[in-house]
Amino acid sequence: MQIKSVAQSPCLYCGTLTSRISSYCCGACEILAGCVTLPALASSNPYSYLDNESFKRLYRLDPNSSFDYVFYAEGVHCSSCVHLLEKLPDFCDEITNSQVNFGKSTVSVKLKNGGSLAAVALTIENLGYKPKLLNLNENSKDKNQRAEARAYLMKIAVAGFCAGNIMLFVIPVYSGLTGLTGQAFNWISFFLFLPILFYSAIPFYKGALNSLKFKVVNVDLPIVVAMVTGFTLSLVNLVRGDGNIYFDSTASFIFFILSARFLLKKTQVNYLSINQAQSFFRGNDYLLSTNDNGVVKFISTPWQDLKMGDVVKIRRGQT
């Protein structure tokens, strides 16, 4: 078998060798080089209202803050999501810096002078996350995360119901059931797998699409490949009436991955929350440094009374 070499040329923006038909190695370089512009805000950007000065003043953070605005990004579920969102300046030239709080599923952004807030929101959506601009008085964890958790739990419930019922129909087949009844049970398993394929697996499709679109390594891609491959082979064998059927194992695989991801996110959210972090300090007293006429003294002080800029002495074994 001959392997044809593909001619490569340097990207006009960053210089990286690329075999793409385009003169740029990726969409980010096209955006940064000015060859690709974001959709016209007034006509096609659903977030164009955010560029109104009234909205900018409402959601702008304290002037002393390192960032200007905070978005809640629905759909953040793993470290790959964090990595992708923290590369926002590569995909949107309206901002200079971005930082993700995984525990709260928020993205803090620093806008350039005169930068478009609507363009930032649209870029976050194009990356596969639903953006919601937050103001200082809004608690994203109590409200937005609960809604996202309910939607995710619904997908887990559907996957669990379908996987459990598929197992009930394949046990007789594994036990030796053949003929029309065995074939009918396999077809029932096929129809029970469809809600998993077209509903419960949606988060994996989004992650895999982002992985391909923005050339970022993402664990969702091999999950989708495994699921689609198992489903396709099972369907081919089912139509042929010969061969192995993998609906049960594939359905169980998706159910357990969804459940593990949900539990991991809940655990990380709880341990990254401010209330959980403060629990490590409750009941502790700290030696606060004071200056009494040039003499440094240490006064035992509860952690609740400590303020930014205080100097304290940390004792052995103390958090």
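Here, the structure is the one placed above.
Anyway, here's the lowdown on the structure attached to this text. One numbering rule holds for all chains: residues counted from 1, following each sequence as written. Per-residue local features of the predicted model are confined to residues with pLDDT of at least 70, and side-chain atom pairs are confined, for both listing and counting, to 80 or more; whole-chain, interface and lining totals are unaffected and use all residues. Each side-chain value is worked out from all heavy atoms of the structure, with water and hydrogens disregarded.

Things to note about the packing of helix 7 (residues 179–200) against helix 8 (residues 202–214)
Here comes step 1: Each axis is a line fitted through C-alpha atoms, and for a helix only the stretch in contact is used; angles between axes span 0 to 180 degrees, taken between their N-to-C directions. Runs of H or I in DSSP of at least four residues are treated as helices and runs of E of at least two as strands, each being numbered from the N terminus. Contact geometry for helix 7 and helix 8: axes closest at 6 Å, N-to-C directions at 45°. In terms of orientation, helix 7 and helix 8 fall into the oblique class. On helix 8, the residues touching Leu197, Phe198, Tyr199 and Ser200 of helix 7 are Ile202, Pro203 and Tyr205.
Here comes step 2: Counted by class, the contact of helix 7 with helix 8 contains six nonpolar, one polar and no charged residues. Should an angle fall under 35 degrees it is taken as roughly parallel, and over 145 as roughly antiparallel, whereas 65 to 115 is taken as roughly perpendicular and any remaining angle as oblique. In this description, contact between two residues means that some pair of their heavy atoms is separated by no more than 4.5 Å. Only Asp, Glu, Lys and Arg are considered charged in this grouping, and only Ala, Val, Leu, Ile, Met, Phe, Trp, Tyr, Cys and Pro are considered nonpolar; every other residue, Gly among them, is considered polar.

What about the sheet that holds strand 9 (residues 312–313)?
Here comes step 1: The three strands are arranged 8-7-9 in an open sheet whose pairing can be described as antiparallel. Of all the strands in the sheet, the pair left with one neighbour each is strand 8 (295–302) and strand 9.
Here comes step 2: A pair of strands is treated as paired once DSSP finds two or more bridges between them. Pairing of strand 7 (residues 285–292) with strand 8 involves eight bridges; the strand directions are antiparallel. Bridge assignment links Ser289 to a residue of strand 8, and that residue is Phe298.

A short note on helix 8
Here comes step 1: Given a helix with a known number of residues, its expected span is that number minus one, times 1.5 Å. Spanning 13 residues, helix 8 covers 18 Å between terminal C-alpha atoms, matching the ideal 18 Å at 1.5 Å per step.
Here comes step 2: Only protein chains enter the area calculation, which uses a 1.4 Å probe; residues under 20% of their type maximum are buried, those over 50% are exposed, and those in between are partly exposed. Taken together, the buried positions of helix 8 are occupied by Pro203, Phe204, Gly207, Ala208, Asn210, Ser211 and Phe214. Buried residues in helix 8, looked at end-on, bunch into an arc of 160°, giving them a common side. Structural note: helix 8 exposes Leu209 and Leu212 on the side pointing more than 90 degrees away from its buried face.
Here comes step 3: Directly after helix 8, the chain includes Lys215, whose backbone phi takes a positive value near 55°. The reported arc concerns the directions from the helix axis to the C-beta atoms and nothing else.

So, the packing of helix 8 against helix 9 (residues 220–240)
Here comes step 1: As a packed pair, helix 8 and helix 9 sit with axes 8 Å apart at the nearest point and diverge in direction by 120°. By the angle class used here, helix 8 and helix 9 are oblique. Crossing angle aside, the handedness with which helix 8 passes helix 9 is left-handed. Of helix 9, the residues touching helix 8 (which contributes Pro203, Phe204, Tyr205, Gly207, Ala208, Ser211 and Leu212) are Asp220, Leu221, Ile223, Val224 and Met227. Left-handed describes a crossing whose near helix is turned anticlockwise from the far helix by less than a right angle; the clockwise case is right-handed.

Structural notes on the environment of Gly103
Here comes step 1: Among the secondary structure elements, Gly103 is positioned in the loop between strand 4 (95–101) and strand 5 (106–111).
Here comes step 2: Remark: the alpha-carbon pair of Gly103 and Lys266, spanning 163 residues in sequence, is separated by 8.8 Å.

Describing the sheet that holds strand 5
Here comes step 1: Ordered by their spatial adjacency, four strands build an open sheet running 4-5-3-6, and the pairing between neighbours is antiparallel. At either margin of the open sheet sits one strand with a lone partner, and together these are strand 4 and strand 6 (130–134). For this sheet, the mean angle separating the axes of adjacent strands, direction not counted, is 30°.
Here comes step 2: As paired elements, strand 3 (residues 69–74) and strand 6 share five bridges and run antiparallel to each other. Of the residues in strand 6, the one forming a bridge with Tyr72 is Lys132.
Here comes step 3: Contacts from helix 5 (residues 117–126) reach strand 3, strand 4, strand 5 and strand 6 within the one sheet, and its direction differs from that of strand 3 by about 20°.

Concerning the nonpolar core
Here comes step 1: Of all hydrophobic cores here, the largest spans 33 residues; its most connected members are Phe71, Leu85, Val109, Val120, Leu127 and Tyr129.
Here comes step 2: Sorting the residues of this core by element identifies strand 3, helix 3 (79–85), helix 4 (88–91), strand 4, strand 5 and helix 5 as the ones contributing at least two each.
Here comes step 3: The element that contributes the greatest number of residues to this core is helix 5, accounting for seven residues.
Here comes step 4: Put simply, buried Ala, Val, Leu, Ile, Met, Phe, Trp, Tyr and Cys residues joined by side-chain atoms within 4.5 Å make one nonpolar core. Judged by nonpolar contacts, the second largest core, of 27 residues, contains Tyr152, Leu197, Phe204 and Ile223.

Regarding the environment of Asp220
Here comes step 1: Take Asp220: it is sitting in helix 9.
Here comes step 2: Once the C-alpha coordinates of Asp220 and Cys78 are considered, the two residues, 142 residues apart in sequence, prove to be 10.0 Å apart.

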